[in-house]
Amino acid sequence: MVTFSSNPEIAEQQMRAVIFYLTTFGYIDGDFDDTEQAFVRDTIRSLVETRVRAGMPEAEGALRDEMIQKFTAHFHEVFEGIDHHVQELFTEAVARDEQQDEFIHAKLKLRCFEIFQGFDRANQESLLDTMNELIEADGHVHPAEEQFRNELVELFNADLDIELEEETEGKNVVVTAPLEKPKALEPHPFFDQFEFHYSRDTTTIARQIDADRALIDDVLAAFEKQREAGAGKLNGKASVSEFAGEPPFLDGHVYVHPVVPDAGYDLTVLGDLHGCYSCLKGAVAQTKFLDRVNQYKSDPKNTPKPLLVLLGDYIDRGLFSLNGVLRSVMRLFVSAPDHVFVLRGNHEYYLEYKGQIYGGVKPAEAINSLKPHLPIDVFRHYMRLFDAMPSMLLFDQLLFVHGGIPRDKLVKERWKDLSSLNDPDIRFQMMWSDPSSVDVVPAALQEQSARFPFGRLQAAAFLKRLGCHTLVRGHEKVNDGFKKHFDDPLVTLMTLFSAGGMDNADLPADSSYRKVTPKALTVSHASGVLSFTPWDIDYQTYNDPDRNAFFQRAPEIEHRTD
C-alpha cells in the first residue's frame, strides 16, 4: 500500500489521488454499485489507519481511534465529492457520434494523468504500485480495468514532445477580482419587439418563423459583406502584429481587430448563454451597451469603442434558445455589425443525414423541441447560419474562441500561416477543446475524445504562432462563472460561463446549470494594458414578467431533450 509522505500537504494529495483512482476504476468496469462503493469506503478507512499508525506513533488508544474516525469521515466526504463530480460528467454535452461512456472515460483518464503529473518521480512510482494493488484487491482484474491501467501507464511514460517557448515580450495583462456591477432595473426598449414564444398554431408559427428566417438572411448578408472586404488578408501573415494600423476585418471565419495606439476600447464578453435569455438581457442592460454604441458614434474621439463579444453556445439547455437568445443576438449584430462579434460554439452545429437534420451535440433541446412543428427547410436555414458564423476574434494580442486550441498533430500537418485558422478541421477542433492543468497533454490522450484536452505549454506555443499571449473562451461549465486557468509570463487563459443561476426561471427545474453563478467579463484596453474584470450577471431582474414578456404567459411548445 502507498507510503504516505511525512509532509501533511503531500500526504493529503496522495490520499486524494488514491481515492480518485479508486473511484475511477469503480466506474471503468461498469456501474459503480453499492458493493463497490462500500469497498472504497473500507479501503479509505484502512489507508487512514495505516497513515495514523505510521505518521502519529504517539497517538494511542482512544486518541488514535478518535484521529482515525476524524480522518476517515473527512476522506469519505472527499470520496463523495469526487463521485458527485464524476456523475456530473454524465450531464456534459458530447458530439453526436461519440458515446457518453467514451467521453467520461477520457475525462477520467485525463484527471488521472493530471494527478500523476502533480507528484515527483518517487511518489509517481508509489502511485503506480498502489494502482496495481487496488485493481487486484478483490482477487479479480476486470478486462476493462486492465486496459485502462495499461493505457494510463503508457500515458505516464509518454514522451511529451513540445518546444518550450521563451517568455512573451511586452505582455501587459491584469486580471482583477470579480466586482459587483449595479443592477439595471430599466430594460432597453430594443428587446421588447421580439419577446414572444413560438405558437402551436400552424399559421402563427409559420409567420413567426418567416420573420426569423428573414433575420437570418440579414445576418448572412452582413457576414458576406464583411467577408468581401477582408477576403485573403490573412494569407502570408505570420503574426497579428502585421495588421497594426489597419481597420478591423473578417477573413473567412476569422475576425481581426487591431488596436489604434492611445485609443480606448471597452469590451463586454459573454460566454455560453444556452437559452438563458435573462442573462443576455441583463448583461446588455448592466453595461448600457446600446447606449454606449450610440455615444461612440456621436463622439468617437472621446469615447472608448464599445464591443460585445459573444463566445457561442446560444442554444440548448435553457428554455429560450432560438426564439430568445439567438434571435436577440442576431438583432444585436444586425443593428451594430461593427460592434458585435457573434462567434460560433459547438452547439451551433447541425447535421443532415438521410433527409433529417440533427443537433451536433447530445442532447439538442432547441431542434428537438421544434422538429414536430416545423419543416426541415427551417433547420437547413439555421445550418447555413451556423456554418457562416465566424469562429474566432483576434483582438490585439488576445484570442477569443469558443473552446480552445487545435490538436498538436493537426497543427503540425496543416499550419502554414494565419490563413490556416480558416482550415475547417482546425476551426472545428477549436470549438471543442478544453484546458488541462498539466503543461503538456500527450497526443494519445488528445485523440481519445472529440472534446480533447490541451496543456499550458501547448496553449502558449499555439498562441505564439498567432502573435498572441492571452485566450478567453467559454465551452466549459465552471460553477463560479469565471476561472483563470493560467496567468504567467508565457500565457493567460480564462474560461467564462454566462448561463445559469440557482433560481433562474430560464432553466429547467433539474438543470445542472443552477449551480453556476453566471458571469460576464469586461476587457478594457488603454495605454497598452489589457485589464480583465469578471462580474455577476443580474438575471433576476429579467425573470420578472414586467421586464420580460417571455414570462407573461407559459410557452405553448414543450421543451424536449429528445
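Quick note: structure is the one above.
In short, a report on the structure. (Residues numbered from 1 in each chain as written. Predicted model: local features only at pLDDT ≥ 70, side-chain atom pairs only at ≥ 80, totals over all residues. Heavy atoms only, no water.)

The next subject is the overall build of the chain. Along its length, the chain carries 16 helices and 19 strands. In terms of overall size, the chain behaves like a compact globule, its C-alpha atoms giving a radius of gyration of 25 Å where 562 residues would be expected to give roughly 24 Å. For the C-alpha atoms alone, the extent of the chain along its principal axes is close to 80 × 55 × 50 Å. Across the 562 residues of the chain, 56% fall into the buried class. Partitioning the contacts of the chain with sequence separation of at least 6, the portion at a separation of at least 24 is 73%. A total of about 23900 Å² of accessible surface is found on the chain, and carbon and sulfur atoms cover 48% of it. Taken as two groups, the 58 positive and 90 negative side-chain charges of the chain have centres that lie 5 Å from each other. (Helix = DSSP H or I, 4+ residues; strand = E, 2+ residues; numbered from the N terminus. Rg over C-alpha atoms; globule rule 2.2 N^0.38 Å. Buried < 20%, exposed > 50% of the residue type's maximum accessible area, 1.4 Å probe, protein only. Contact = heavy atoms within 4.5 Å. Areas by Shrake-Rupley, 256 points an atom, 1.4 Å probe, with all protein chains shown as cover. Lys, Arg positive; Asp, Glu negative; His and termini not counted. Charge placed at Lys NZ, Arg CZ, Asp CG, Glu CD.)

What follows covers unusual backbone geometry. For the bond running from Lys362 to Pro363, omega is -10°, close enough to zero to count as cis. Of note, Pro363 is situated in the loop between strand S10 (361-362) and helix H11 (365-370). Located in the positive-phi region is Lys288, a residue other than glycine, with phi close to 50°. Note that Lys288 resides in the loop between helix H8 (277-287) and helix H9 (289-298). The residue Asp396 is not glycine, and still its phi comes out positive at about 55°. Among the structural elements, Asp396 can be located in the loop between strand S11 (392-395) and strand S12 (398-401). With a relative accessible area of 22%, Asp396 lands in the partly exposed category.

Bringing the state of the cysteines into the picture now. Taken as a whole, this structure holds zero disulfides when the rule is applied. Left without a disulfide partner, Cys279 is nearest to the cysteine sulfur of Cys276, which lies 4.6 Å away. By relative accessible area, Cys279 is classed as buried at 0%. (Disulfide = S-S within 2.5 Å.)

Moving on, we get to the packing of aromatic side chains. For any two aromatic rings, the description comes down to two numbers: the centre-to-centre distance and the angle of the planes. Under the counting rule described, the total for this entry stands at 18 aromatic pairs. Considering the side-chain rings of Phe25 and Phe148, the 5.7 Å spacing of their centres and the 85° angle between planes classify their relative orientation as edge-to-face. With Phe25 in helix H1 (residues 8-28) and Phe148 in helix H6 (residues 143-156), the pair connects residues that are 123 residues apart, well separated along the chain. A residue is classified by how much of its surface remains accessible, and Phe25, at 5% relative accessible area, is buried. Phe148 sits in the buried class, given a relative accessible area of 4%. An angle of 75° between the planes, with centres 6.3 Å apart, marks the rings of Phe191 and Tyr277 as edge-to-face. Pair noted here: Phe191 is in the loop between strand S2 (173-175) and helix H7 (202-230) and Tyr277 is in helix H8, with a separation of 86 residues, a long-range link. Note on accessibility: Phe191 and Tyr277 belong to one class, buried. The side chain of Arg51 reaches across the aromatic face of Phe71, ending 5.6 Å from its centre. Lying across the ring of Tyr358, Lys371 places its NZ or CZ 4.3 Å from the centre. (Phe/Tyr/Trp six-rings, centres within 6.5 Å; stacked < 30°, edge-to-face > 60°. Lys NZ or Arg CZ within 6 Å of the ring centre and 35° of its normal.)

Under the defined criterion, the tally for this structure stands at 27 salt bridges. With its nearest N and O atoms 3.0 Å apart, the salt bridge here joins Arg16 to Glu12. Taken together, the residues Arg16 and Glu12, both in helix H1 and four residues apart, mark about one turn of the helix. Judged by its relative accessible area of 38%, Arg16 is partly exposed. (Salt bridge = Lys/Arg side-chain N within 4 Å of Asp/Glu carboxyl O.)

Taken N-terminus to C-terminus, the directions of H7 and helix H10 (residues 321-335) make an angle of 45°; their axes are 10 Å apart at the nearest point. Between H7 and H10, the angle falls in the class oblique. Judged by the sense of rotation from one axis to the other, the crossing of H7 with H10 is left-handed. For the pair H7 and H10, the contacting residues are Asp212, Leu215, Ile216, Asp218, Val219, Ala222, Phe223 and Gln226 in the first and Arg327, Met330, Arg331, Phe333 and Val334 in the second. Across the contact of H7 with H10, the residue classes tally to eight nonpolar, one polar and four charged. (Axes fitted to C-alpha atoms, helices over the stretch in contact; angles between N-to-C directions. Parallel < 35°, antiparallel > 145°, perpendicular 65-115°, else oblique. Left-handed = near helix turned anticlockwise from the far one by under 90°. Nonpolar A, V, L, I, M, F, W, Y, C, P; charged D, E, K, R; others polar.)

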